[in-house]
Amino acid sequence: MASFLGPVKGFGVTFATMFKTVNTELYPEQKKPTMPRFHGRHVLNRHPDGLEKCVGCELCAWACPADAIYVEGADNTDAERFSPGERYGRVYQINYLRCILCGLCIEACPTRALTMSNEYELADDNRADLIFTKEQLLAPLAPGMELPPHPMRLADAKDYYRGTPAAHVMSGDAEVSASDAAEGVTD
Ligand code: SF4
Ligand code: SF4
């Protein structure tokens, strides 16, 4: 008797499921918004004058458990300046074949140069296109920003990173800190 009831019980699950509402996701035609703090594709942020926040320190690369980040730093010069201070990230790559979107890299970044957006569509049909370069990761130039290299426009190098009043910018009627103005992404 027990051997007869076993398969019947199994089919019971099948029949019960047949009458449930089908929960079909209509992706990619209909995309559900993520939670606000969802960790998606990275962004390399800029200061309000367009200079890059990344100083090429490699702390994000050392923090990454998946070895997904490659950074090469270089020296700024007076003639060619990409970030305030001494160094900038000359080469910056994130390999999304390795990245597990854990967010440890953005925790490690001392300048908040690296944050994560809500973008989750990170699939492709070849490996090379999933290694994102610095040019792909850099935040677009917002109004009032200037494409580096160029001299520091706002204050001296310390003021950029401390967010002191000298590094504040006007955004419409509201005064916002330099870091808030330059980050349009979640952390
Ligand atoms: S999110 Fe995690 S896995 Fe991806 S690059 Fe950052 S530290 Fe590495
Ligand atoms: S993103 Fe941040 S941690 Fe990574 S190299 Fe640039 S400044 Fe350093």
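Above this text sits the structure in question.
A short tour of the structure in this document, coming up. Given the structure is predicted, the values throughout are model-derived calculations rather than measurements.

What counts and how
Residues numbered from 1 in each chain as written. Chains lettered and ligands numbered in written order. Predicted model: local features only at pLDDT ≥ 70, side-chain atom pairs only at ≥ 80, totals over all residues. Helix = DSSP H or I, 4+ residues; strand = E, 2+ residues; numbered from the N terminus. Buried ≥ 20, exposed ≤ 12 C-beta atoms within 10 Å, placed from the backbone. Contact = placed C-beta atoms within 7 Å. Pairing = 2+ DSSP bridges. Near = placed C-beta within 6 Å. Nonpolar A, V, L, I, M, F, W, Y, C, P; charged D, E, K, R; others polar.

**A few points about the overall build of the protein chain**
Per the secondary structure count, the protein chain includes 6 helices and 7 strands. Buried residues in the protein chain amount to 23% of all 187 residues. By sequence separation, contacts in the protein chain at least 24 residues apart represent 71% of the contacts at least 6 residues apart.

**Describing the sheet that holds strand β2 (residues 69-75)**
Strand order in the open sheet formed by 3 strands is β2-β3-β5, and the pairing between neighbours is antiparallel. Taken across any chain shown, the strands that pair with only one partner, and hence form the sheet edges, are β2 and β5 (131-132). As defined by bridge partners, β2 adjoins strand β3 (residues 87-95) across 7 bridges and the pair is classed as antiparallel. Paired with I69 across the strands is I94, a residue of β3.

**Describing the site of ligand 2**
Close contacts around ligand 2 come from 14 residues, with C54, C57, C60, C109 and L114 the closest. Among the residues forming the shell around ligand 2, the class breakdown is 10 nonpolar, 3 polar and 1 charged.

**Points about the site of ligand 1**
The environment of ligand 1 is formed by 13 residues, the closest being C64, C99, C102, L104 and C105. Taken together, the residues that form the shell around ligand 1 break down as 12 nonpolar, 1 polar and no charged.

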